[in-house]
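# Geometric and topological summary
This is what each chain is made of:
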Amino acid sequence: MHPRSRLLNERKALLLSGSVLVLLGLTLIALRAGAVDMPWSDFFALLLGREVADPLMQTVLFELRLPRVLFAIIVGGALALSGAVMQALFRNPLAEPTLIGISAGASLGAVTALLLGFGGLLVSGLAGFAGAVMATFAAYLIGRRYPGVAGLLLAGIAINAFALSLVSVLITFASDAQFRSFSFWSLGSLTRASWSSLVWLLPWSVVISLWLVARWRVLNALLLGEREALHLGFALNRVRRELIIAICLLIGPLVAVTGGIAFIGLVMPHVLRLWLGADHRLLLPMSWIGGAMALLLADGLARLVVMPAELPVGVITSLVGGPFFLWLLLRATPHKS
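Presented here is an overview of the structure given in this document.

Definitions and limits used
Residues numbered from 1 in each chain as written. Predicted model: local features only at pLDDT ≥ 70, side-chain atom pairs only at ≥ 80, totals over all residues. Heavy atoms only, no water. Buried < 20%, exposed > 50% of the residue type's maximum accessible area, 1.4 Å probe, protein only. Helix = DSSP H or I, 4+ residues; strand = E, 2+ residues; numbered from the N terminus. Arc of directions from axis to C-beta. Axes fitted to C-alpha atoms, helices over the stretch in contact; angles between N-to-C directions. Parallel < 35°, antiparallel > 145°, perpendicular 65-115°, else oblique. Left-handed = near helix turned anticlockwise from the far one by under 90°. Nonpolar A, V, L, I, M, F, W, Y, C, P; charged D, E, K, R; others polar. Core = buried A, V, L, I, M, F, W, Y, C linked by side-chain atoms within 4.5 Å. Contact = heavy atoms within 4.5 Å. 1 Å grid on protein atoms, 1.4 Å probe; cavity = no way out; pocket = protein on both sides within 12 Å on 5 of 7 lines; lining within 4 Å. Points joined across faces, edges and corners; volume = space filled by probe spheres on them. Salt bridge = Lys/Arg side-chain N within 4 Å of Asp/Glu carboxyl O. Lys, Arg positive; Asp, Glu negative; His and termini not counted.

What follows deals with helix 2 (residues 40-47). Turning to helix 2, its buried residues are Phe43, Ala45 and Leu46. Down the axis of helix 2, the smallest arc covering the buried residues is 165°, so these residues share one side. Once helix 2 ends, the next one or two residues include Gly49, with phi positive near 85°.

Okay, structure coming up:
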């Protein structure tokens, strides 16, 4: 291997290793932070399996905070990773997972379940997932009639608008309790995180995320253009279909549980691309790690700002992500006409 290539690989490995360590540190801080004060000595004693004087701390740490923190990691990582894939697939820095109707379809499924009297996590989550899958499938079927990804983009915008209009109609028939439940869900929340949901969502998300990271070669080829990617031997129609299905299967179940969490899938991969460049071999895993960090920090703020109550985490990501993205746009050098 050329010495310069070896040096670049070593720097990438060092960057990834350092990022994982930072994520681990943030995880420990998030586990300790909350309305119930937990001294560091008791915190580390619990992590090592020792007993502490107050048994409430063990319940708070392992039954409430740990599943929520793990859920924040996999949701934030999945959103940012999917955003990086979408931006490469559409060759558009403004692309994100919600563009193809995933969130709108999940909202329609979730509100339908609530109106039918199914407010539990299992049924409403499955309904939200089914809505996300159907919306994405409809966008793909319509968009495939046109060459490239322009048709999929336009179909996704139309289906988003249609699904959200149906949600608005259905909400008018909801009771006050149903309306409050849906409103809190739609703003994005990690309060429904539990070990029962993590049992199937954690391995599911990890497997699909690893599969997407392994597609870095075709995403690099797409940066050159579709014609060049075809000349390199990639079957773009099949690749496009596989990537869209994988993103839907990854984001759909998570959004069905958490509701809409804005800007993680848009801002994080965009910022990392500006910093690290467009090589998806590094960009994809760094997007996952960066998204996990961002949602951990946002969830920490959501829990601490109005303690002992909490804000929906989607409100925090929008309050921070919106102005930050505007700042990125304003500081960019405009093209001269």
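There is more to say, and it comes next.
This part covers the packing of helix 3 (residues 55-90) against helix 13 (residues 280-304). Where helix 3 meets helix 13, the axes come as close as 7 Å, and the angle between the chain directions of the two elements is 135°. In terms of their interaxial angle, helix 3 and helix 13 are classed as oblique. Crossing of helix 3 against helix 13: the hand is right-handed. For the contact of helix 3 with helix 13, the class distribution of residues is 16 nonpolar, five polar and four charged.

Phe71 and Leu212 are the most contacted members of the largest nonpolar core, which has 89 residues in total. In terms of residues, this core owes the most to one element, helix 3, which gives 19 residues. Setting aside residues no more than four positions away along its own chain, Phe71 makes contact with Leu190, Ala193, Ser197, Leu198, Leu201, Leu254, Val257 and Thr258.

Turning to the environment of Ala127, a few remarks are in order. In this structure, Ala127 sits in helix 5 (residues 121-143). For the pair Ala127 and Ser107, spaced 20 residues apart in sequence, the C-alpha separation works out to 9.1 Å. Leaving out residues up to four positions away in the same chain, Ala127 has contacts with Gly109, Ala110 and Ala113.

Quick look at the layout of surface pockets now. Counted as a void, the largest pocket has a volume near 390 Å³. Forming the walls of the largest pocket are 21 residues, and the residues nearest its centre are Ile264, Val267, Met268, Ala294 and Val320. For the lining of the largest pocket, the secondary structure elements donating two or more residues are helix 12 (264-276), helix 13 and helix 14 (313-331). By residue number, the principal contributor to the lining of the largest pocket is helix 13, which donates eight residues. Classifying every residue of the lining of the largest pocket by side-chain character gives 17 nonpolar, four polar and no charged. The calculated volume of the second largest pocket comes to roughly 310 Å³. If you trace the second largest pocket, you find 17 residues lining it, with Leu64, Arg65, Arg68, Arg303 and Glu310 closest to the centre. If you tally residues by element for the lining of the second largest pocket, the top one is helix 3, at five residues. Split by residue class, the lining of the second largest pocket holds ten nonpolar, two polar and five charged.

This part is about the pattern of salt bridges. Under the defined criterion, the tally for this structure stands at five salt bridges. Its salt-bridge partner being Asp299, residue Arg68 comes within 2.7 Å of it at the nearest N-O pair. With Arg68 in helix 3 and Asp299 in helix 13, this residue pair connects regions lying 231 residues apart in the sequence. Its relative accessible area of 10% is what places Arg68 among the buried residues. Its relative accessible area of 2% is what places Asp299 among the buried residues. The shortest N-O distance in the salt bridge between Glu310 and Arg68 comes to 2.8 Å. On the criterion of sequence distance, the pair formed by Glu310 in the loop between helix 13 and helix 14 and Arg68 in helix 3 is long-range, its members being 242 residues apart. Each of the salt bridges in this network shares a partner with another, and the network as a whole consists of Arg68, Asp299, Arg303 and Glu310.

The next subject is the side chain of Arg273. Mapped onto the elements of the fold, Arg273 is located in helix 12. Notably, Arg273 is buried but unbridged: the nearest opposite-charge side chain belongs to Asp279, and the N-O separation is 10 Å. Those residues in contact with Arg273 that sit more than four places away from it in its chain are Ala84, Gln87, Ala88, Ala278, His280 and Leu283.

By the secondary structure assignment, Gly18 is in helix 1 (residues 3-32). Using a relative accessible area of 30% as the deciding quantity, one classes Gly18 as partly exposed. Along the sequence, Gly18 and Leu296 sit 278 residues apart, while their C-alpha atoms lie 17 Å from each other.

It is worth stressing that arrangement in space is one thing and function is another; only the former is reported here.
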